[in-house]
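# A structural walkthrough
So you can see what is in the structure, the chains are spelled out below.
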Amino acid sequence: MQTPSLQTLVTRPDLGLVEGRDALDSAKRSCDQPTLHLTPNSLAMIIVTRPDTTQEQIDHIVDRIRSWGLKAEVSRGEMRVVIGVIGPEDKIREKPLGAFPGVESVTPVLKPYKLVAREFRGRYSHVRVGDVTVGAKEVVVMAGPCSVESEGQITAIAKEVRKAGAKILRGGAFKPRTSPYSFQGLGKLGLQFLAEARQVTGMPIITEVMDTKDLELVCAYADCLQVGARNMQNFSLLREVGRTDLPVMLKRGMSATIKDLLMSAEYILNEGNFNVLLCERGIRTFENMTRNTLDLNAVPVLKSETHLPVVVDPTHGIGVREFVPAMALAAVAAGADSIMVEVHNAPEQAKSDGEQALLPADFEDLVARVRSVAVAVGREL
Ligand code: PEP
Ligand code: MN
């Protein structure tokens, strides 16, 4: 069954808008802009305006582009505005985009991914999760247990991680487990407990959606949707989360290349949702001393290829509690915009991933060290 239009179901305008998206663009996107899907014959063009281009000239360019049935995405940099144009190649090529007053250059995006390409926006995207901004100067720490197990458990851990400096609370209510006999998550009850923990701590929550059939339910509670590694190429799920107004954190599949990850993100943006975080969480290699191999190469590569913020999950990346802090620090040094760390107050009793969860005290110690590394690389926390 098709999920009914989530755009109408999820009316949380306070959430998930890319900072800097101009009001006109945002309003038009949700009202009269058709969702234009990129096809093999689609093209994306980047219009770079001059530093002295006026707002009137920009509005004029955008209005004309839209009147031709093409899509325009406006990004404001410090010095100039970049307008991404998307539509069928034959239609775009015949338009005199370079002839408008105020235009400095017009360049096609030649990469297989277009909307996620860094040049498409000309600046890094800031993604809002509740009242927290990911992708700006501040390195954002997300933390919480692997699974939500009870109201007491999630609320206690939420308070601990909040005190230590986490800004976003994580916790799975729908768990993708290798074995069907393992704990599968509390489902709706888990979401309710997460909402309770949000209420108590004020932290926005990120939680996984595994299936399109649960999307409406998860959207009713989450501030950010997580698409897990095992679902990175579940294209129908990617399309559906792309139709919501919530930010989405897309985790890299365990045997996916960086390009695969970018192509999957492209599915989400192509549905109109530009609020996407990319998460490196370790890949499978021949190495078996650790759960996965955290591919920190992905961080600088992604930062150069895409405007989307990059999150690193050192917990699943290495999978061994004592080594998680080193990789969290390395992730921030490599340029991650955010880290996601699993924390549990009684890891030996955890229903999933206890062996890799940090104790709250160790997490607190880690955050202090993350702050030092962040400052050393020109960020803050
Ligand atoms: C998780 O975040 O708990 C999780 C299941 O992650 P991944 O999809 O990366 O395995
Ligand atoms: Mn986990």
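All values reported here derive from a predicted model rather than from experimental measurement.

Scoring rules and cut-offs
Residues numbered from 1 in each chain as written. Chains lettered and ligands numbered in written order. Predicted model: local features only at pLDDT ≥ 70, side-chain atom pairs only at ≥ 80, totals over all residues. Buried ≥ 20, exposed ≤ 12 C-beta atoms within 10 Å, placed from the backbone. Helix = DSSP H or I, 4+ residues; strand = E, 2+ residues; numbered from the N terminus. Pairing = 2+ DSSP bridges. Right-handed = clockwise from strand over helix to strand, strands pointing away. Expected span 1.5 Å × (residues − 1). Contact = placed C-beta atoms within 7 Å. Near = placed C-beta within 6 Å. Nonpolar A, V, L, I, M, F, W, Y, C, P; charged D, E, K, R; others polar. Core = buried A, V, L, I, M, F, W, Y, C linked by C-beta atoms within 7 Å. Domains from an automatic or database assignment. Axes fitted to C-alpha atoms, helices over the stretch in contact; angles between N-to-C directions. Left-handed = near helix turned anticlockwise from the far one by under 90°. Parallel < 35°, antiparallel > 145°, perpendicular 65-115°, else oblique.

## Quick notes on the pairing of strand E10 (residues 224-227)
Covered by surrounding structure in E10 are Cys224 and Gln226 together with Leu225 and Val227, the residues of both alternating faces. With three bridges connecting them, strand E9 (residues 205-208) and E10 associate as parallel partners. Residue pairing across strands places Glu208 opposite Gln226, the latter belonging to E10. Across three bridges, the pairing between E10 and strand E11 (residues 248-251) is parallel. Of the residues in E11, the one forming a bridge with Gln226 is Met249. Viewed along the sheet, the connection from E10 through helix H9 (residues 235-242) into E11 turns out right-handed.

## Let's talk about helix H10 (residues 258-270)
Helix length check: H10, at 13 residues, gives a terminal C-alpha distance of 18 Å against a target of 18 Å (1.5 Å per residue), a fit within 8%. Of all the positions in H10, only Leu261, Leu262, Ser264, Ala265, Glu266, Tyr267, Ile268, Leu269 and Asn270 are classed as buried. Residues of H10 that are buried make contact with H9, E11, strand E12 (276-280) and helix H11 (298-305). Downstream of H10 by a residue or two, Gly272 has a phi angle that is positive, lying close to 110°.

## Quick word on the environment of Ile61
Considering the arrangement of structural elements, one finds Ile61 in helix H3 (residues 55-67). With 41 residues separating them along the chain, Ile61 and Gly102 place their C-alpha atoms 8.9 Å apart. Apart from residues no more than four positions distant in its own chain, Ile61 is found in contact with Ile47, Ile83, Phe100 and Gly102.

## So, unusual backbone geometry
Its identity as a non-glycine residue notwithstanding, Asp353 has a phi of 55°, on the positive side. Turning to its location among the elements, Asp353 is positioned in the loop between strand E14 (338-342) and helix H14 (360-376). The exposure class assigned to Asp353 is buried, which follows from the 20 C-beta atoms found within 10 Å.

## Quick word on the site of ligand 1
Surrounding ligand 1, one finds Cys146, Gly172, Pro176, Gly228, Ala229, Arg230, Lys251, Arg281 and His316. Per-class residue counts for the shell around ligand 1 are three nonpolar, three polar and three charged.

## Quick word on the nonpolar core
Among the nonpolar cores identified, the biggest contains 109 residues, and Leu278 and Ile339 are the most heavily contacted of them. Each of domain 1 (14-110) and domain 2 (127-376) contributes no fewer than three residues to this core. Apart from the residues lying within four places of it in its own chain, the contact partners of Leu278 are Leu250, Leu261, Ala265, Leu302, Thr306, Leu308, Val310 and Val311.

## A look at the packing of helix H6 (residues 151-164) against helix H7 (residues 188-201)
Viewed as axis vectors pointing N to C, H6 and H7 meet at an angle of 35°, and their least axial separation amounts to 9 Å. You can see that H6 and H7 cross each other, and the crossing is right-handed. Where H6 approaches H7, its residues Glu151, Ile154, Thr155, Ala158, Lys159 and Arg162 are matched on the opposing element by Phe193, Leu194, Glu196, Ala197, Val200 and Thr201. Taken together, the residues of the contact of H6 with H7 break down into six nonpolar, two polar and four charged.

## Digging into the packing of H9 against H10
Between H9 and H10, the least distance of the axes is 7 Å, while the angle of their chain directions is 40°. Taken together, H9 and H10 sit at an angle that is classed as oblique. Crossing of H9 against H10: the hand is right-handed. Residues Phe235, Leu238, Arg239, Val241 and Gly242 of H9 lie in contact with H10, whose contacting residues are Ser264, Tyr267, Ile268, Leu269 and Asn270. When the residues that make up the contact of H9 with H10 are grouped by side-chain class, the tally is six nonpolar, three polar and one charged.

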